[in-house]
Amino acid sequence: MSTDTVWDVALRQLDLAAESLKLSPGVHEVLRHPRRTLEVSVPTRMDDGSIRVFKGYRVHHNTSRGPSKGGIRYHPSVTLEEIKALAMWMTWKCALVNIPFGGAKGGVVVDPGALSAAELERMSRRYASEILPLIGPEKDIPAPDLGTNEQVMAWIMDTFSTREGFSVPGVVTGKPLSIGGSAGRSQATARGVMYITLATLKHLGRSVEEARVVVQGYGNVGANTVELLADQGCMIVAASDVHGGVYNPGGLSPHRMNRFKQEAGTIFGYEGGERVSNAELLELDCDVLIPAALEGQLTEENADRVAASVIVEAANGPTMPEADEIFTERGLTVVPDILANAGGVTVSYFEWVQDLQAYYWSEDEVNDRLRSIMEASYVSVLGLAEDAKVSMRTAATMLGVDRVAAAHRTRGLYP
Ligand code: GLU
C-alpha cells in the first residue's frame, strides 16, 4: 500500500504537469516549495477555566499572481504537510479559473464539534490574532473549509477589524451577508460542482435524468450538491457523512434527508434506504461518484471496485495517484478537484471584489458569472487533455502551473 502523504501526492501531480509542460527546472523547483509557512500555538480558555493549547498553521504557497487565497480547516487530523498540499492546490485552482490570486491554506488541529460555541469563538479569535501578520485584503484572504463556516469567518473579520480600528470586510470571504458576504457564496462550491457534472454528462452524451449519483460527505459542499443535482433531475442513490451512509437504488429524497439531519445531527440512520459504511458507499452501483469529504478516499485498494464511470471531485485530493492510474486504465472520467470544486473560490473572488468596491451584486449576477467561468474552465481543461493526451487532472494542473510560471518569469527572480 502507498505510504505517500498528501504533500507527496501534490508534488507528484506538479511533477507530472511540469514534465508535460517542459517547465524549466528552476521554476519547477520554486513551485515545489511553499513560499512561507507559519506555525502558531493557540492558547484557549475552556469553559471550565482550564487552558488548552491548539496547534495552528497558515501556509502561503505562491503569491506571483496576486494575494494568496484559501480556506481554514478545523479538523483533528490536520498536519502541516496537509496544509502545504492544500495551499499548493489553491495556487493551481485560482490560476486555472484565472482569478488574480495565489494559493494559501490554514488549519487548526481541533475537533470543532467537541468545543462549546464560546470556546470555538475564543479559539478562532486567538488563531486569527496569531496569523494576523500574514493576512489582509491585499495580502492573504482566508475563507471557510472543512470544520469552519460563516460564523468563524465573522469572528476572524471582527478580530482583524478591531485591531485595525475600522471594518475590513475584504480580509475574509465566505462571511455572513450582514457584514459584506456575497449572495450565492454559501452554495457556490456545490453550484460549481453541479455545473461541472452537467457539462461532463453532456460531453459524454449521457442524460441528466438517468444519472444515478452517489455523494460522500454531507457538509456544506456535499449537502448542497445533493440538493442542486436533485433539482436538475439526477437521482441521488446514496449519501453519507462521517458516521456512515444511506443507499436506495430507487432514489433518496434530499428534502427528507435534510429534515432528518436537522433533528438527528447526522444522515446516518435515515430510514429512506439501507445503511452503508463510507467504504461501501464508494463502491456502490451508480453513474456519478462525488467524493465531497476528505483526501485519500480512492486508493489502489478500492479503485478497481469503483462502479461509477464518472468521478467528480468536490473534495480536495480525494484520489491517490495509484487510483488515478487505475481509473485511466479502466477508462473512467475523473474531473479533478481544482476544476470541479473551484466554484467556491471563484465566488470568494466575487465577494472580495464586492467588498473592495462596497457595491454588491444580485444572486443571479453571481451565479451567471460563476457559470460562465466554470464552463469555460471545463472546456479548456478538456481541450488540453485531448490535445496533449493527458488526464484531465494533469491538463488542469498544466493550465494552472503554466499561468503561475508565466507570472513568475515575467516578474523575474528577486534580487
Ligand atoms: N476552501 C475552499 C477551497 O478549497 C474555498 C477557498 C476560498 O474560497 O478561498 O477551494
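Scroll up to find the structure this text is about.
Residues numbered from 1 in each chain as written. Predicted model: local features only at pLDDT ≥ 70, side-chain atom pairs only at ≥ 80, totals over all residues. Heavy atoms only, no water.

(A) Region of interest: the sheet that holds strand S5 (residues 140-144). Sheet architecture is open: 5 strands sit in the order S1-S2-S4-S3-S5, paired in mixed fashion. Only two strands of the sheet have a single neighbouring strand rather than two, namely strand S1 (36-45) and S5. The mean inter-strand angle of the sheet, taken between neighbouring strand axes irrespective of direction, is 25°. Two elements, strand S3 (residues 68-75) and S5, share 5 bridges in a ladder whose sense is parallel. Each bridged residue has a counterpart across the sheet, and for Ser68 the counterpart in S5 is Asp140. (Pairing = 2+ DSSP bridges. Helix = DSSP H or I, 4+ residues; strand = E, 2+ residues; numbered from the N terminus. Axes fitted to C-alpha atoms, helices over the stretch in contact; angles between N-to-C directions.)

(B) Focus on the pairing of strand S2 (residues 51-62). Alignment of S1 against S2, held across 10 bridges, turns out to be antiparallel. By the bridge assignment for S2, Val40 is matched with Gly56. The turn joining S1 and S2, which pair antiparallel and follow one another in sequence, is formed by 5 residues; a positive phi near 95° is taken by Gly49. Summarising the sheet, S2 and strand S4 (residues 102-109) pair through 6 bridges and their orientation is antiparallel.

(C) View of the pairing of S3. In terms of burial, S3 is a largely internal element, 7 of the 8 residues being buried. In terms of strand pairing, S3 meets S4 through 6 bridges, oriented parallel. The residue of S4 that forms the bridge with Tyr74 is Val108. Regarding the hand of the β-α-β motif, the stretch spanning S3, helix H3 (residues 80-96) and S4 is right-handed. (Buried < 20%, exposed > 50% of the residue type's maximum accessible area, 1.4 Å probe, protein only. Right-handed = clockwise from strand over helix to strand, strands pointing away.)

(D) Structural context of the packing of aromatic side chains. Taken as a whole and judged by the stated rule, the model has 6 aromatic pairs. Ring geometry for Phe101 against Trp352: centres 5.0 Å apart, planes inclined by 65°, an arrangement best described as edge-to-face. Note that Phe101 is positioned in the loop between H3 and S4 and Trp352 in helix H12 (residues 343-357), a separation of 251 residues in sequence. The same class applies to Phe101 and to Trp352, which are both buried. Note on Phe260 and Tyr270: the rings are 5.8 Å apart at their centroids and 65° apart in plane angle, and the pair reads as edge-to-face. Taken together, the positions of Phe260 in helix H8 (residues 254-264) and Tyr270 in the loop between H8 and strand S9 (274-276) put the pair 10 residues apart, joining distant regions of the chain. Accessibility expressed as a relative area gives 24% for Phe260, which makes it partly exposed. On the accessibility criterion, Tyr270 (9% relative accessible area) is buried. These aromatic residues form a ring-pair network of at least three members: Phe101, Tyr349, Phe350, Trp352 and Trp361. In this structure, Arg275 packs its charged tip against the face of Phe268, placed 5.1 Å from the ring centre. (Phe/Tyr/Trp six-rings, centres within 6.5 Å; stacked < 30°, edge-to-face > 60°. Lys NZ or Arg CZ within 6 Å of the ring centre and 35° of its normal.)

(E) Geometry of unusual backbone geometry. The step from Tyr414 to Pro415 runs through a cis peptide bond, and the omega angle for that step is 0°. By the secondary structure assignment, Pro415 is in the segment after helix H14 (392-411). Phi is positive for Lys22, which is not a glycine, with a value near 55°. Position of Lys22 among the secondary structure elements: in the loop between helix H1 (6-21) and helix H2 (25-31). Positioned with a positive phi, Ala358 is a non-glycine residue whose angle comes to about 50°. Within the element layout of this structure, Ala358 appears in the loop between H12 and helix H13 (363-388).

(F) Structural context of the site of the ligand. Not every one of the 14 residues close to the ligand is listed here, only the nearest: Lys69, Lys93, Pro144, Asp145 and Ser348. Contact between the ligand and Pro144: a nitrogen atom at 3.0 Å from a main-chain N or O atom of the residue. A distance of 3.1 Å separates an oxygen atom of the ligand from a polar atom in the side chain of Asn316. Taken by itself the ligand offers 300 Å² of open surface, and the protein chains cover 95% of this. The set of elements that each furnish at least two residues to the shell around the ligand consists of S3, H3, S5 and H12. Taken together, the residues of the shell around the ligand break down into 4 nonpolar, 5 polar and 5 charged. (Near = heavy atom within 4 Å. Polar contact = N/O pair within 3.5 Å; in protein donor to acceptor, adjacent residues only side chain to side chain. Areas by Shrake-Rupley, 256 points an atom, 1.4 Å probe, with all protein chains shown as cover. Nonpolar A, V, L, I, M, F, W, Y, C, P; charged D, E, K, R; others polar.)

(G) Geometry of the sheet that holds strand S12 (residues 333-335). Here 7 strands make up an open sheet; going across it, the order is S9-S8-S7-S6-S10-S11-S12 and the pairing mixed. With one partner strand each, in any of the chains shown, S9 and S12 form the two edges of the open sheet. For this sheet the average axis-to-axis angle between neighbouring strands, irrespective of direction, equals 20°. In terms of strand pairing, strand S6 (residues 212-216) meets strand S7 (residues 235-241) through 5 bridges, oriented parallel. Considered in S7, the bridge of Val214 is made with Ala238. The sheet contacts of helix H7 (residues 220-231) involve S6, S7 and strand S10 (288-291), and relative to S7 the element is tilted by about 175°. (Contact = heavy atoms within 4.5 Å.)

(H) Main features of the side chain of Asn302. Considering the arrangement of structural elements, one finds Asn302 in the loop between S10 and strand S11 (310-312). Given the relative accessible area of 8%, Asn302 is considered buried. At 3.0 Å, the side chain of Asn302 forms a polar contact with the backbone oxygen of Gln297. For Asn302, the contacting residues outside a window of four places in its chain are Leu282, Glu283 and Gln297.

(I) The arrangement of the packing of helix H6 (residues 185-203) against H12 in detail. Where H6 contacts H12, the axes come no closer than 7 Å and their chain directions differ by 145°. The chirality of how H6 crosses H12 is right-handed. Facing Arg185, Ala188, Thr189 and Gly192 of H6, the residues of H12 in contact are Gly343, Gly344, Val347, Ser348 and Glu351. For the contact of H6 with H12, the class distribution of residues is 2 nonpolar, 5 polar and 2 charged. (Left-handed = near helix turned anticlockwise from the far one by under 90°.)

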